[in-house]
Amino acid sequence: MALTLGVQLSIDDFGTGYSSFSYIQRLRVHKLKIDQSFVRHLGEDPSAQHIVRAIIGLAQSLALETIAEGVETALQSETLLSLGCDTGQGYFFSRPVPAAQLEGLMTQPRSITD
């Protein structure tokens, strides 16, 4: 019987460095975080869109959630949404804020479409 701790694992910076396909197979991963180096060039470099589409497709086929890092523009957000990305993080949604302001942000949910 497996012990459930309520913890989920994400592979950070997927598509770069040490984020190997073998981790998806060996670990009980729940999410793939798409590296900002691909997100940054969405709308400028067609190869970036092809890579992001491939990562999202892989994640969907394995029932994993996708998180795009470094979303800074509406174009990036719209492109990610059209490709089926689940979640985005970056300055487009909010700049870093002091802890005292965090509660107010948490009560105003935003999605990748905002």
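Residues numbered from 1 in each chain as written. Predicted model: local features only at pLDDT ≥ 70, side-chain atom pairs only at ≥ 80, totals over all residues. Heavy atoms only, no water.

(A) Inspection of the overall build of the protein at higher detail. Helices and strands together make up the secondary structure of the protein, namely five helices and four strands. In the protein, the succession of helices and strands from N to C terminus is β-α-β-α-α-β-α-β-α. In the protein, which comprises 114 residues, the proportion classed as buried is 30%. Taking the intrachain contacts of the protein between residues at least 6 apart in sequence as the baseline, contacts between residues at least 24 apart amount to 41%. Summing over all exposed atoms, the protein offers an accessible surface of approximately 7,600 Å²; the carbon and sulfur share of this is 55%. (Helix = DSSP H or I, 4+ residues; strand = E, 2+ residues; numbered from the N terminus. Buried < 20%, exposed > 50% of the residue type's maximum accessible area, 1.4 Å probe, protein only. Contact = heavy atoms within 4.5 Å. Areas by Shrake-Rupley, 256 points an atom, 1.4 Å probe, with all protein chains shown as cover.)

(B) Spotlight on unusual backbone geometry. If you check the backbone angles, Ala-63 has positive phi at about 60° while not being a glycine. Structurally, the position occupied by Ala-63 is in the loop between α3 (46–61) and β3 (65–68).

(C) Up close: the nonpolar core. In this structure, Leu-32, Ile-34, Val-39, Val-52 and Leu-80 are the most contacted members of the largest nonpolar core, which totals 20 residues. Among the secondary structure elements, those contributing two or more residues to this core are β1 (9–14), β2 (29–34), α2 (36–39), α3 and α4 (74–83). Looking at this core element by element, the count peaks at four residues for α3. Sequence-distant contacts of Val-52, defined by excluding residues within four places in its chain, comprise Ile-34, Phe-38, Leu-42, Leu-80 and Leu-83. (Core = buried A, V, L, I, M, F, W, Y, C linked by side-chain atoms within 4.5 Å.)

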